[in-house]
Amino acid sequence: MSAHPAQRFFAIAPRGLEALLAQELTALGASTVWPEHGGVAFAGPLAAGYAANLHSRLASRILWQVAQASYRSEDDLYAAAHALAWEEHLAPHQTLRIDISAVRSPLRSLEFALLRVKDAIVDRLREKTGRRPDIDRVRPDVRVFAFLDAAQLTLYLDLSGEALFKRGWRRDKGEAPLKENLAAGLLQLAGWTPRHPLLDPFCGSGTLLIEAALMATRRAPGLDRPFGLQRLRSFDRALWQRLHEDALAAVKPDAEVLLAGSDISTRVLDTARENTRRAGVGGLLDDARLVFTARDARGAEPLQIVPPFAQGMLVSNPPYGEQSSPRSASVPALMRDVGDRLKAAFSGWQVWLLTSDRDLPRQLRLAESRKPVLYNGALECRFFRFDVVSGPYRPRSSDAGASTSATARGIG
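Small disclaimer: the values here were computed from a predicted structure and weren't measured.

1. Quick look at the side chain of glutamate 74
- Positionally, glutamate 74 belongs in helix H3 (residues 74-82).
- One buried charged residue, glutamate 74, forms no salt bridge at all, with the nearest opposite charge on arginine 116 at 7.1 Å.

Below, the structure written as structure tokens:
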């Protein structure tokens, strides 16, 4: 398999991170990338698809394109799926799940289309091996995605298994968790590097800081978890072992970085510390480089910035109404106090806050300089940037940004 020079893949990602993901995939060996709404199609050797699973901080899932054919009827779907050598990828004793999605398909029933694709795969395996695989929609060994546009069927094998934002370290998510790949995306959109001391005053279970620690220590996010690609008959074990060994060798435990998180809940902070240990960065960064403190965000303290560090950055996912329903009435008052604290103690800092509340700048009484649109799950959010200086609040013109469209292919 590793000798095949050109394969096609599709990487699913949170909406708003497609351009960053395209850059990441290029760095991981993709020869060509095509950003789309909800993900990035890319081409490259099989190693690029494997490396994307191991190293991507932004993707939610990596799909390997194994067939594409034109169609006009459900029988055409059957013929195209039946022609593929599934026996090269799937053993008859393994379980299977098939998902289908469509955009502008002329077929009347997506359920019947799914049935025809499923019949084609299991019929092919029974003919070639003498046994029909079982269907398991909860924990399948192999997962197939079928996508229909107006004229073409595309078939994918899932290389990821569990979604890639599940790094393998999280147990207790806490309230309103931020997915790990979205947290990494926030850091990259903000332009954070280890040269910038980083503070999260609403750190919760520690997701943002753990992602920052993984970035600083160059630890691949997939080092400690299994992947769907390992269950395929076509799995290139030697290629995977080489990539995994290279990733281990690249870890940089002596990273110069200053990371700090605070939260009002000591119970949540205990979870953050445990998550840090489970993520593998607790043993790489000492307490001087990664610290958690019990503190109300209204009394947040800036980190001391000393050479060789640069401007301090505050990146956070503060509470907003959709997250904190019983307490949502107090959120605007809380953010007003936080804004006062930022102006009093964080002059010269760059502040980035993710929220679905477009009224956040008025609550903080700070003028935003950027506000890219992102999606926290299905929730449309703005990632507000504030360059903190002392002085009165001067509101900007109303938000004119347009939201991105629905995820291409409809698969997750």
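Read on, since the account is not over.
2. Re the side chain of glutamate 18
- Relative to the helices and strands, glutamate 18 resides in helix H1 (residues 18-27).
- In this structure, glutamate 18 is buried with no salt-bridge partner, the nearest side chain bearing the opposite charge being arginine 15 at 6.4 Å.
- At 2.9 Å, the side chain of glutamate 18 forms a polar contact with the backbone nitrogen of glycine 16.
- Setting aside chain neighbours within four positions, we find glutamate 18 in contact with Glu36, His37, Gly38, Gly39 and Val40.

3. Description of the packing of helix H2 (residues 46-55) against helix H7 (residues 237-249)
- Here H2 crosses H7 at 45°, and the two axes come no closer than 10 Å. One way to sum up the angle between H2 and H7 is to call them oblique. For the pair H2 and H7, the sense of crossing is right-handed. Contacts between H2 and H7 involve Leu46, Ala47, Tyr50, Ala51, Leu54 and His55 from the former and Leu239, Trp240, Leu243, His244 and Ala247 from the latter.
- Here the residues of the contact of H2 with H7 are counted per class, giving 9 nonpolar, 2 polar and no charged.

4. Looking at the environment of glutamate 256
- Positionally, glutamate 256 belongs in the loop between H7 and strand E9 (259-263).
- Sequence separation between glutamate 256 and arginine 289 is 33 residues; the distance between their C-alpha atoms is 7.7 Å.
- In contact with glutamate 256, not counting residues within four places along its chain, are Pro194, Pro308 and Phe309.

5. Structural notes on the packing of helix H5 (residues 180-189) against helix H6 (residues 207-216)
- With their axes 9 Å apart at the nearest point, H5 and H6 run at an angle of 70° to one another. When the axis of H5 is compared with that of H6, the two are roughly perpendicular. Crossing of H5 over H6 shows right-handed handedness. Along its contact with H5, which presents Glu180, Ala183, Ala184, Leu186, Leu187 and Gln188, the element H6 presents Thr207, Leu208, Glu211, Ala212 and Met215.
- Split into classes, the residues belonging to the contact of H5 with H6 amount to 7 nonpolar, 2 polar and 2 charged.

Cut-offs applied
Residues numbered from 1 in each chain as written. Predicted model: local features only at pLDDT ≥ 70, side-chain atom pairs only at ≥ 80, totals over all residues. Heavy atoms only, no water. Helix = DSSP H or I, 4+ residues; strand = E, 2+ residues; numbered from the N terminus. Buried < 20%, exposed > 50% of the residue type's maximum accessible area, 1.4 Å probe, protein only. Lys, Arg positive; Asp, Glu negative; His and termini not counted. Salt bridge = Lys/Arg side-chain N within 4 Å of Asp/Glu carboxyl O. Polar contact = N/O pair within 3.5 Å; in protein donor to acceptor, adjacent residues only side chain to side chain. Contact = heavy atoms within 4.5 Å. Axes fitted to C-alpha atoms, helices over the stretch in contact; angles between N-to-C directions. Parallel < 35°, antiparallel > 145°, perpendicular 65-115°, else oblique. Left-handed = near helix turned anticlockwise from the far one by under 90°. Nonpolar A, V, L, I, M, F, W, Y, C, P; charged D, E, K, R; others polar.

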